[in-house]
Amino acid sequence: EAEARRAECLLYLLVWAEAANLRHASEAVWWLFHQLSDLAKPLPRPFALASVAPLYASLVHLFCERAHPLNYDDVNEAFWRPDCLGWSLEGSGAGSAAAQLRGLAKEYRERRSWLHMLGAFEHVYFAHWIMLRLMLGATP
């Protein structure tokens, strides 16, 4: 019992130390923790190179090097699917998480225009309107 808790705490600290590289993909961090906690064998020796580096390289490819880049929400949605638990942790082969992420497609495209600015600042405009009414009503 104590040994298992100690191992889980050390694993948490290992994942937490590498979480800065995956900081916006929180589901990927928890997937990494789950995969590492289910390993029957010891952790890979160069932990960051074997587990975090392929995921980080895939995220860089998804966010920067594509014609239609994805955002963190798309990656987090990929880790909500039940089949992500079958992805392998190590490497960038066919069944690995890195390969699965590289084949990810964008599911939702936001349509933006300059009119969205009006909706985004609706509360600010309302507060200004109330303050104007209060100031005009308070003057003699």
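What you are looking at is a predicted structure, and each value in this text was computed from that prediction instead of being measured.

Q: Talk me through the side chain of Asp 74; I want residue IDs and the actual numbers.
A: Tracing the sequence through the fold places Asp 74 in helix α4 (residues 72–78). The exposure class of Asp 74 is buried, given its relative accessible area of 8%. Leaving out residues up to four positions away in the same chain, Asp 74 has contacts with Leu 104, Lys 106 and Glu 107.

Q: So what about the environment of Tyr 72? Which residues, and what values?
A: Topologically, Tyr 72 is positioned in helix α4. A relative accessible area of 32% places Tyr 72 in the partly exposed class. Distance from Tyr 72 to Arg 23, taken between C-alpha atoms, is 9.7 Å for residues 49 residues apart in sequence. Beyond its immediate sequence surroundings of up to four residues, Tyr 72 is in contact with His 24, Ala 25 and Phe 63.

Q: Outline the nonpolar core, supporting the account with residue identities and numerical values.
A: Formed by 26 residues in total, the largest nonpolar core has its most connected members in Trp 31, Leu 32, Val 75, Phe 79 and Leu 101. Contributing elements (two or more residues each) for this core: α1 (2–18), α2 (26–37), α3 (47–64), α4 and α5 (97–102).

Q: Tell me about the pattern of salt bridges, residues and numbers included.
A: Applying the stated criterion across every chain, the model contains 1 salt bridge. Asp 83 serves as the salt-bridge partner of Arg 81, at 3.8 Å between the closest nitrogen and oxygen. Overall, Arg 81 belongs to the partly exposed group, its relative accessible area being 31%. Classification of Asp 83 by relative accessible area gives partly exposed; the value is 43%.

Q: Which residues make up the packing of α1 against α2, and what values go with them?
A: Interhelical geometry of α1 versus α2 gives an angle of 145° and a closest axis separation of 10 Å. Between α1 and α2 lies a crossing of right-handed hand. The segment α1 lies against α2, with Glu 8, Leu 11, Tyr 12 and Val 15 engaging Val 29, Leu 32, Phe 33, Leu 36 and Ser 37. Per-class residue counts for the contact of α1 with α2 are 7 nonpolar, 1 polar and 1 charged.

Cut-offs and rules
Residues numbered from 1 in each chain as written. Predicted model: local features only at pLDDT ≥ 70, side-chain atom pairs only at ≥ 80, totals over all residues. Heavy atoms only, no water. Helix = DSSP H or I, 4+ residues; strand = E, 2+ residues; numbered from the N terminus. Buried < 20%, exposed > 50% of the residue type's maximum accessible area, 1.4 Å probe, protein only. Contact = heavy atoms within 4.5 Å. Core = buried A, V, L, I, M, F, W, Y, C linked by side-chain atoms within 4.5 Å. Salt bridge = Lys/Arg side-chain N within 4 Å of Asp/Glu carboxyl O. Axes fitted to C-alpha atoms, helices over the stretch in contact; angles between N-to-C directions. Left-handed = near helix turned anticlockwise from the far one by under 90°. Nonpolar A, V, L, I, M, F, W, Y, C, P; charged D, E, K, R; others polar.

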